[in-house]
Amino acid sequence: MDSSAEASSLAQGLRIVRLVVDREKRGRQLLGVSQLAAELDMDQGRVSRLAQELCDLGLLERVDRGPFQAGPRFFSLAASLNNGWVREATPELESLVAAFGLRARLSVRDGFRAILLRASSNDATLGSFVAPGMVTPAWCTGAGRALLWDDDRPSLDQLLREVNFIGVGGPGAAHSIDEVWDLMVRDVPRGYITSDEEFEHDIVEVAVPVRNSAGVILASLSVLGRRAEVGTDAAGVATHLRGTAERLGSFA
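About the cut-offs
- Residues numbered from 1 in each chain as written.
- Predicted model: local features only at pLDDT ≥ 70, side-chain atom pairs only at ≥ 80, totals over all residues.
- Heavy atoms only, no water.
- Helix = DSSP H or I, 4+ residues; strand = E, 2+ residues; numbered from the N terminus.
- Rg over C-alpha atoms; globule rule 2.2 N^0.38 Å.
- Buried < 20%, exposed > 50% of the residue type's maximum accessible area, 1.4 Å probe, protein only.
- Contact = heavy atoms within 4.5 Å.
- Areas by Shrake-Rupley, 256 points an atom, 1.4 Å probe, with all protein chains shown as cover.
- Lys, Arg positive; Asp, Glu negative; His and termini not counted.
- Charge placed at Lys NZ, Arg CZ, Asp CG, Glu CD.
- Pairing = 2+ DSSP bridges.
- Axes fitted to C-alpha atoms, helices over the stretch in contact; angles between N-to-C directions.
- 1 Å grid on protein atoms, 1.4 Å probe; cavity = no way out; pocket = protein on both sides within 12 Å on 5 of 7 lines; lining within 4 Å.
- Points joined across faces, edges and corners; volume = space filled by probe spheres on them.
- Phe/Tyr/Trp six-rings, centres within 6.5 Å; stacked < 30°, edge-to-face > 60°.
- Expected span 1.5 Å × (residues − 1).
- Arc of directions from axis to C-beta.
- Polar contact = N/O pair within 3.5 Å; in protein donor to acceptor, adjacent residues only side chain to side chain.
- Core = buried A, V, L, I, M, F, W, Y, C linked by side-chain atoms within 4.5 Å.

### Comments concerning the overall build of the protein
Within the protein, the secondary structure is distributed over 10 helices and eight strands. The C-alpha atoms of the protein give a radius of gyration of 20 Å, which matches the 18 Å a tight globule of 252 residues would have. When its C-alpha atoms are laid out on the principal axes, the protein stretches across 60 × 40 × 35 Å. Looking at the protein as a whole, 44% of its 252 residues qualify as buried. For the protein, the share of sequence-separated contacts (at least 6 apart) that also reach a separation of at least 24 residues comes to 57%. Within the structure as shown, the protein displays about 13,100 Å² of accessible surface, and the carbon and sulfur contribution to it stands at 52%. For the protein, the distance from the average site of its 27 positive side-chain charges to the average site of its 34 negative ones is 3 Å.

### Regarding the sheet that holds strand β5 (residues 135–137)
Across the sheet, six strands lie side by side as β5-β4-β3-β8-β7-β6; this open sheet has antiparallel pairing. The outermost strands of the open sheet, each flanked by one partner alone, are β5 and β6 (193–196). Neighbour-to-neighbour, the strand axes of the sheet open up by a mean angle of 35°, direction not taken into account. Most of the contacts of helix α10 (residues 234–250) go to strand β7 (residues 203–211), to which it runs at about 35°, and overall it touches β3 (103–110), β6, β7 and β8 (217–226).

### Observations regarding empty space enclosed by the protein
All chains considered together, the criterion is met by one cavity of 30 Å³ or more. When its volume is computed, the largest cavity comes out at roughly 160 Å³. Forming the walls of the largest cavity are 17 residues, and the residues nearest its centre are Arg105, Thr141, Phe199, Glu205 and Leu224. Counting residues per element, the ones that place at least two in the lining of the largest cavity are β3, α6 (142–147) and β7.

### Remarks on the packing of aromatic side chains
Inspection of every chain in the model, using the stated rule, returns two aromatic pairs. Their ring planes at 55° and their centres at 6.3 Å tell us that Phe112 and Trp139 sit as a pair that is tilted. Of the two residues, Phe112 sits in the loop between β3 and β4 (113–119) while Trp139 sits in the loop between β5 and α6, which places them 27 residues apart along the sequence. Assessed through its relative accessible area of 26%, Phe112 is described here as partly exposed. Looking at Trp139, the relative accessible area reads 4%, which means it is buried. Centroid distance Trp139 to Phe165: 5.3 Å. Interplanar angle 70°. Geometry classified as edge-to-face. Here the residue Trp139 occupies a position in the loop between β5 and α6, and Phe165 occupies one in the loop between α7 (153–160) and α8 (177–187), the gap between them amounting to 26 residues.

### Thoughts on the pairing of β6
Remark: a regular strand shows side chains that alternate across the two faces of the sheet. Relative to β7, β6 runs antiparallel, the two being bridged by four bridges. Residue Asp196 lies in a different strand from β7, and its bridge partner there is Val204. The hairpin formed by β6 and β7 contains six residues between the paired strands, and Glu197 there has a positive phi angle of roughly 55°.

### Here's the deal with helix α3 (residues 44–56)
For α3, built from 13 residues, the straight-helix expectation of 18 Å at 1.5 Å per residue is met to within 8% by its first-to-last C-alpha distance of 18 Å. Every buried residue belonging to α3 is among Val47, Leu50, Ala51, Leu54 and Cys55, and all of these are buried. Taken down its axis, α3 places every buried residue within 145° of arc, on the same side. With respect to the buried face of α3, the exposed residues turned more than 90 degrees away are Arg49 and Asp56. At the N-terminal boundary of α3, the capping side chain belongs to Asp43, with an oxygen 3.1 Å from the backbone nitrogen of Gly45. Directly beyond the C-terminal end of α3, a positive phi value near 85° is found at Gly58.

### What about the side chain of Glu92?
One can find Glu92 in helix α5 (residues 84–100). A distance of 3.0 Å separates a polar atom in the side chain of Glu92 from a polar atom in the side chain of Arg247. Setting aside residues up to four positions removed in sequence, Glu92 forms contacts with Thr244, Arg247 and Leu248.

### Overview of the nonpolar core
Grouped together as the largest cluster of nonpolar side chains are 25 residues, with contacts concentrated most on Leu96, Leu106, Val206, Val210, Leu221, Val223 and Leu241. Those elements that place two or more of their residues in this core are α5, β3, β7, β8 and α10. If one sorts the elements of this core by residue count, α10 sits on top with six residues. Those residues in contact with Val210 that lie beyond four places of it in its chain are Leu106, Val216, Ile217, Leu218, Ala219, Ser220, Leu221, Ala245, Leu248 and Gly249.

Dropping the structure here:
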């Protein structure tokens, strides 16, 4: 198998695991092979083969050829990741809620996407789309643009070269690589990102990167709320965020 085929199998396997885990987490009906294939728009035979491999690895399991659910290896891997700065993020996010009354998030980057890793307890309501694993565009969210902090212009061009900006984000969203770059040039020198209606109407987000001891960006830390909630002191909020980000980075 060549590297591209391996990458495709890995990506498809991860899609299967994500769907199974998400349905189990949300208390929704678990799925068998044919239902997984329909949900993911994949060939049923391929889903069957990949699902069996995932079961062999312990990432999924099924009882008596019933529906799939998360397997013991999935939980052991999840537990191994819940340490250091990731574990410490939960109380730090709640401390930001206490300080500002705003929602707080910790996000990581996957290409030109930002993935929500942790969210404060006030950042989701019944029926909300906000949950760990939520994917948003990196170029039009505060958390996402903080993850682009170290990208120079050629890197940004390469990253966003195939992005379709049309119809994505709120009224303040960038609609080209040039506009994304202009926002980064504005924000980086002052030491924090502000996203004003870039993803949602009337939502302002303040964000900073979280770095390890070597200076590598691990994640982004952000707070967000309606413009009236955030107020006019974004610089003061950012100062508090940077202190929190430094504490998290010290655990990496």
